[in-house]
Amino acid sequence: MNSSPPKPVLTAESLTVDRGGHQVLSGVEFSIAQGEIFALLGGNGAGKSTTLLTFLGFVTPTSGVARVNGQSVHEDIKAIHKQVAYLPEAANLYPHLNARENLDYFLSLAKADNSRARIDSALDMVGLAASARDRRLEAYSKGMRQKVGIALAILRDAPILLLDEPTSGLDPVAIDEFNSLVVALAGEGTTVLMVTHDVYGACQVARHIGLLQKGQMVGDFRASAGNPISADEVHRKFTESHL
Amino acid sequence: MGNLALEVRYALRERVVIASLVLAFAMASYAVITGKLEVDEQRSEISTLVRETESDQDHVLGQQPDAGGAAYYVHHVTYQPPSALAFAALGSRGELPWQHRVRMLALEGQIYETDAGNPALSRLGRLDFAFLTSVLLPLILILLLYDLDGRERRDGRYELLSATSASKGSPFFVKAGARTLLLFAASATPFAVMAAFVSAPLGPSLVVAAVVALHLCFWLVICRLVAVRFTQASSSATVLLAGWLLFSMAVPAAARIVVESSVPVPAGGELLLAQREAVNDAWDLPKADTMEPFVASHPEWRDHAEVTQPFEWKWYYAFQQMGDEFVASESAQLRAGITRRDNLMGVAALLSPPLATERWLTRLAATDRAHHQRYIQCVRGFHAALREFHYPMLFGASEYSPEKMAGLPKYQPCDE
Ligand SMILES: Nc1ncnc2c1ncn2[C@@H]1O[C@H](COP(=O)(O)OP(=O)(O)OP(=O)(O)O)[C@@H](O)[C@H]1O
Ligand SMILES: [Mg+2]
């Protein structure tokens with residue numbers, strides 16, 4: 001076993017971002033190691049999605065830098081995109097295509113393996129009913145659409161996952177399945193940055209939680225050996241910061 | 001390339017894409033079929049004319065006692081046969097006469113007489129393949145492309161698409177390219193089928209397809225430039241429609257106005273009247289007023305030019321020819337003016353790809369101004385040959401006999 005600290009894969013160095021004339025991130029700092037699950041919590045409009053978009057290079061910081069494996073995101077966005085699988089906030093895939101076609105399309109776009117067997121095994125993993133797979137997404141419930149989005153993120157086989165509210169719309173069983181899936185992926189070395197509103201779910205899977213409020217990091221929680229992060233503590237801090 | 005195939009495959013799953021392709025295919029089919037019918041009709045009109053004129057000639061020639069009557073009563077048909085590709089671009093065949101029945105009389109008037117109206121003209125509303133591809137097709141492309149990015153943004157797929165795409169270029173450019181390619185295929189297929197059906201030459205047919213493809217590429221680039229600048233669907237649609245109006249309507253119309261006002265051209269009708277007057281006046285003038293200038297420009301007839309009777313055919317034909325010479329400079333001006341205007345419109349086409357497309361297609365179909373001018377020159381050449389044939393008999397340098405009329409020149413189209 002290697003005892004040196006794992007190298008950081010995602011780093012936010014005093015990220016400051018303006019959008020629409022307002023400062024929406026102010027000096028945000030965090031660092032996520034390889035194989036770590038980092039959950040970013042915060043109220044509506046706190047800047048969570050903006051943080052993900054900054055790591056994808058779609059939002060340019062006014063100061064500070066977002067790094068992936070030490071390299072500034074804005075130096076070579078395409079190179080970053082190759083290492084990252086992104087699940088957008090509203091995982092709107094194409095409504096006129098069915099689940100398999102959507103996955104086939106996006107995987108081909110990513111030049112990733114789009115074999116039917118692989119696609120079906122991912123859809124099994126996220127628990128999308130086999131009978132639904134050949135139906136157009138316009139006939140899906142929100143949760144079913146979300147499952148297809150998660151399947152896509154997994155199928156990308158990327159070393160880094162940027163997930164924006166992956167569990168929104170999922171039923172409790174699906175949330176549990178998702179949580180164990182993410183933990184398993186992290187166990188294999190995948191680095192996960194996950195935005196969520198679900199404090200208890202975050203504490204179950206994440207070894208590291210950041211609390212964002214009005215663009216500022218107001219809380220930083222880490223699990224200690226053997227002890228998960230206390231959901232009550234996070235919840236208290238969350239509520240306090242909103243007072 | 002792989003991505004293009006992917007985008008083509010999935011674009012075909014979109015209802016708006018299918019509807020646009022069906023529309024383009026239907027319009028292109030309509031255009032090439034009606035174009036073919038029109039050309040067929042012109043061809044059969046030509047062969048009827050040729051047949052009728054020949055039997056008419058046989059009938060008339062048998063009854064002529066002298067060279068003057070043989071030259072006077074016979075009509076000749078001249079025509080510009082449609083090229084194999086004319087079905088795709090009717091061009092001048094839809095607006096200018098492509099056949100003239102001529103006699104040995106003064107020619108210029110006979111050429112410009114029909115300018116006023118040709119019975120076969122503008123039978124169809126001019127939705128030919130050239131008009132479709134130069135003016136209407138860009139509209140369909142705009143419809144397909146104006147909201148390509150906007151819709152993905154609104155639906156929250158923009159970032160996912162950009163972040164997922166593993167190729168260097170923008171995935172939206174490939175999406176737009178795929179739609180452009182499909183639209184090209186939908187409109188070029190009916191053309192290709194018709195070109196094969198009428199055995200049009202392969203090279204020019206391929207160039208037609210290339211011109212259409214190039215024109216669509218121009219609009220593809222315009223659509224991408226606008227889509228990148230204007231992310232709102234309504235503003236990108238407005239800008240693109242304004243661009244379409246500018247390139248396919250405003251620039252050609254303005255160019256036409258500027259060119260026509262800066263290059264004055266004598267009207268064909270005026271030329272006709274001037275010639276008629278000159279010919280009519282000759283009746284009342286002393287014969288020498290016609291014959292002296294005639295032998296001055298045609299010295300080969302000097303020894304045969306004496307006119308002693310009140311009416312002699314050679315005098316009659318001499319003043320017909322002098323009528324042509326009377327308006328020769330106007331006629332030359334008219335020709336030069338038409339050519340100059342046409343050349344200037346060619347320069348203006350550099351500012352308007354739709355105009356350039358239309359011009360290229362009519363050129364490939366031999367239905368442009370230059371080909372029409374060549375046809376008119378061909379008529380002049382034929383008429384000169386008629387004079388050359390008749391004059392020795394009219395001027396008494398050789399004896400007239402009805403049998404000699406077997407050697408009467410027959411019109412042959414000059415080019416194509
Ligand atoms: N496209 C945009 N243009 C301008 N401002 C924006 C844009 N998108 C978001 N913002 C602003 O940035 C701030 C942060 O938004 P962000 O979407 O990052 O919040 P969030 O933490 O993801 O919220 P939620 O939990 O509701 O998803 C908000 O104040 C929002 O108004
Ligand atoms: Mg958000």
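Conventions used here
Residues numbered from 1 in each chain as written. Chains lettered and ligands numbered in written order. Predicted model: local features only at pLDDT ≥ 70, side-chain atom pairs only at ≥ 80, totals over all residues. Heavy atoms only, no water. Helix = DSSP H or I, 4+ residues; strand = E, 2+ residues; numbered from the N terminus. Buried < 20%, exposed > 50% of the residue type's maximum accessible area, 1.4 Å probe, protein only. Contact = heavy atoms within 4.5 Å. Near = heavy atom within 4 Å. Polar contact = N/O pair within 3.5 Å; in protein donor to acceptor, adjacent residues only side chain to side chain. Areas by Shrake-Rupley, 256 points an atom, 1.4 Å probe, with all protein chains shown as cover. Nonpolar A, V, L, I, M, F, W, Y, C, P; charged D, E, K, R; others polar. Donors = N, O, S within 2.8 Å, 3.2 Å for Na, K, Ca; no water. Expected span 1.5 Å × (residues − 1). Pairing = 2+ DSSP bridges. Axes fitted to C-alpha atoms, helices over the stretch in contact; angles between N-to-C directions. Buried area = accessible area lost by both parts, 1.4 Å probe. Salt bridge = Lys/Arg side-chain N within 4 Å of Asp/Glu carboxyl O. Core = buried A, V, L, I, M, F, W, Y, C linked by side-chain atoms within 4.5 Å. Domains from an automatic or database assignment. Disulfide = S-S within 2.5 Å. Parallel < 35°, antiparallel > 145°, perpendicular 65-115°, else oblique. Left-handed = near helix turned anticlockwise from the far one by under 90°.

Caption draft 1: Region of interest: the overall build of chain B. If you tally the helices and strands in chain B, you get 16 helices and two strands. Once the C-alpha set of chain B is aligned to its principal axes, its extents read approximately 100 × 40 × 30 Å. Here chain B holds 416 residues, and the buried ones make up 52% of them. Sequence-distant contacts, at least 24 apart, represent 80% of the contacts inside chain B between residues at least 6 apart.

Caption draft 2: Inspection of the site of ligand 1 at higher detail. Residues and elements named next belong to chain A. Near ligand 1 lie 14 residues; those nearest to it are Gly-45, Lys-48, Ser-49, Thr-50 and Glu-89. Gly-47 has a polar backbone atom sitting 2.9 Å from an oxygen atom of ligand 1. One of the side-chain N or O atoms of Glu-89 is found 2.6 Å from an oxygen atom in ligand 1. Here ligand 1 loses 62% of its free accessible area of 630 Å² to cover by the protein chains. Per-element tally for the shell around ligand 1: the top contributor is helix H1 (residues 48-55), with three residues. Along the lines of polarity and charge, the residues of the shell around ligand 1 split into two nonpolar, eight polar and four charged.

Caption draft 3: Molecular detail of the coordination of the magnesium ion (ligand 2). Distances from the magnesium ion (ligand 2) to its protein donors, Ser-49 of chain A (OG), Glu-89 of chain A (OE) and Glu-89 of chain A (OE), fall at 2.0 to 2.8 Å. Taken together, the positions of Ser-49 of chain A in helix H1 and Glu-89 of chain A in the loop between strand E6 (84-87) and helix H3 (99-109) put the pair 40 residues apart, joining distant regions of the chain.

Caption draft 4: Representation of helix H13 (residues 313-326) of chain B in the model. All names here are of chain B. Between its first and last C-alpha atoms H13 spans 20 Å; for 14 residues at 1.5 Å apiece the expected length is 20 Å, and the two agree. Judged by how many residues are buried, H13 sits mostly within the fold: eleven of 14 residues are covered. Every buried residue belonging to H13 is among Lys-314, Trp-315, Tyr-316, Tyr-317, Ala-318, Phe-319, Gln-320, Gln-321, Met-322, Gly-323 and Asp-324, and all of these are buried.

Caption draft 5: Molecular detail of the sheet that holds strand E4 (residues 63-68) of chain A. Residues and elements named next belong to chain A. Taken in spatial order, the four strands line up as E2-E1-E4-E5 in an open sheet, and their pairing is antiparallel. Looking at the sheet topology across the chains shown, the edges are occupied by strand E2 (22-33) and strand E5 (71-72). In terms of strand pairing, strand E1 (residues 8-19) meets E4 through five bridges, oriented antiparallel. Pairing of Leu-10 across the sheet is with Val-68, part of E4. Packed on one face of the sheet, H1 meets E1, E2 and E4 and runs near 115° to E1.

Caption draft 6: Quick look at the interface of chain B and chain A. In this complex, chain B contributes 23 residues to the contact, which on the side of chain A involves 26 residues. Together, the buried faces of chain B and chain A total about 2300 Å²; carbon and sulfur atoms form 57% of this surface. Here chain B is connected to chain A by two salt bridges. Measuring nitrogen to oxygen at the nearest pair gives 2.4 Å for the salt bridge that ties Arg-13 of chain B to Glu-101 of chain A. The interface formed by chain B and chain A holds 14 residue pairs in polar contact (both at pLDDT 80 or more) in total. Looking at the side of chain B that touches chain A, the elements that each hand over two or more residues are helix H1 (2-11) and helix H7 (158-164) of chain B. Among the elements that make up the side of chain B that touches chain A, the one with the highest residue count is H7 of chain B (six residues). Among the residues making up the side of chain B that touches chain A, the classes are represented as six nonpolar, six polar and eleven charged.

Caption draft 7: Layout of the pattern of salt bridges. Residue and element names in this part refer to chain B. If you walk through the whole model with that rule in mind, you get 24 salt bridges over all chains. Between Asp-147 and Arg-154 there is a salt bridge, with its nearest N and O atoms 2.6 Å apart. The class of Asp-147 is buried, set by a relative accessible area of 13%. Arg-154 sits in the exposed class, given a relative accessible area of 52%. Here the residues in one salt-bridge network are Glu-7, Glu-14, Arg-151, Glu-152, Asp-155, Arg-157, Lys-175 and Arg-179, joined through shared partners.

Caption draft 8: Quick peek at the sheet that holds strand E3 (residues 37-42) of chain A. All names here are of chain A. Across the sheet, which stays open at both edges, the six strands sit in the order E6-E7-E8-E3-E9-E10 with mixed pairing between neighbours. Edge positions in the open sheet fall to E6 and strand E10 (216-222), since each of these has one partner strand only. Each adjacent strand pair in this sheet contributes to an overall mean axis angle of 15°, direction not counted. Here four bridges tie E3 to strand E8 (residues 191-195), and the two strands are oriented parallel to one another. Bridge assignment links Phe-38 to a residue of E8, and that residue is Leu-193. Here H1 sits on the sheet in contact with E3, E6, strand E7 (160-164), E8 and strand E9 (208-213), set at roughly 150° to E7. Each of E3, E7 and E8 is contacted by helix H6 (residues 172-187), which is oriented at about 135° to E3, the strand it contacts most.

Caption draft 9: Quick peek at the nonpolar core. In terms of nonpolar packing, the biggest core is built from 91 residues, with Leu-10, Leu-41, Phe-55, Phe-106, Leu-162, Leu-193 and Ile-209 of chain A touching the most fellow members. Contacts of Phe-106 of chain A, omitting those with residues within four sequence positions, involve Leu-93, Tyr-94 and Leu-152 of chain A together with Arg-157, Leu-160, Leu-161 and Thr-164 of chain B. Among the nonpolar cores identified, the runner-up in size contains 51 residues, and Val-17, Ala-186, Val-212 and Trp-219 of chain B belong to it.

Caption draft 10: Region of the structure containing the environment of Ala-384 of chain B. Residue and element names in this part refer to chain B. Looking at the secondary structure, you find Ala-384 in helix H16 (residues 369-394). Accessibility expressed as a relative area gives 39% for Ala-384, which makes it partly exposed. Separated by 63 residues in the primary sequence, Ala-384 and Gln-321 place their C-alpha atoms 10.0 Å from one another.

Caption draft 11: Expanded view of the domain arrangement of chain A. Residue and element names in this part refer to chain A. Domain assignment breaks chain A into domain 1 (1-83 + 159-243) and domain 2 (93-157). A C-alpha centroid distance of 25 Å is found between domain 1 and domain 2. Taken together, the 16 residues of domain 1 in the interface contact twelve residues of domain 2. Both faces combined, the contact of domain 1 with domain 2 buries some 900 Å², and carbon together with sulfur accounts for 62% of it. Linking domain 1 with domain 2 are four residue pairs in polar contact (both at pLDDT 80 or more). Examining the composition of the side of domain 1 that touches domain 2, we find that five residues originate from one element, H6, more than from any other. Classifying every residue of the side of domain 1 that touches domain 2 gives nine nonpolar, three polar and four charged.

Caption draft 12: Inspection of the state of the cysteines at higher detail. Residue and element names in this part refer to chain B. Considering all chains together, one arrives at one disulfide over all chains under this definition. Across a sulfur-sulfur distance of 1.9 Å, Cys-378 and Cys-414 are joined as a disulfide pair. Judged by the sign of its S-S torsion, about 85°, the cystine formed by Cys-378 and Cys-414 is right-handed. Placement of Cys-378 in helix H16 and of Cys-414 in the segment after H16 is noted, with a sequence separation of 36 residues between them. The buried category is assigned to Cys-378, whose relative accessible area is 6%. Cysteine Cys-217 remains unbridged, with the sulfur of Cys-223 as its closest cysteine sulfur at 12 Å.

Caption draft 13: Fine view of the packing of helix H5 (residues 129-145) of chain B against helix H15 (residues 353-364) of chain B. Residues and elements named next belong to chain B. Two elements in contact, H5 and H15, have axes whose closest approach is 8 Å; the angle formed by their N-to-C orientations is 160°. The pairing of H5 with H15 is recorded here as roughly antiparallel in orientation. For the pair H5 and H15, the crossing hand works out as right-handed. The residues of H15 that touch H5, namely those facing Ala-130, Thr-133 and Ser-134, are Pro-354, Thr-357, Glu-358 and Leu-361.

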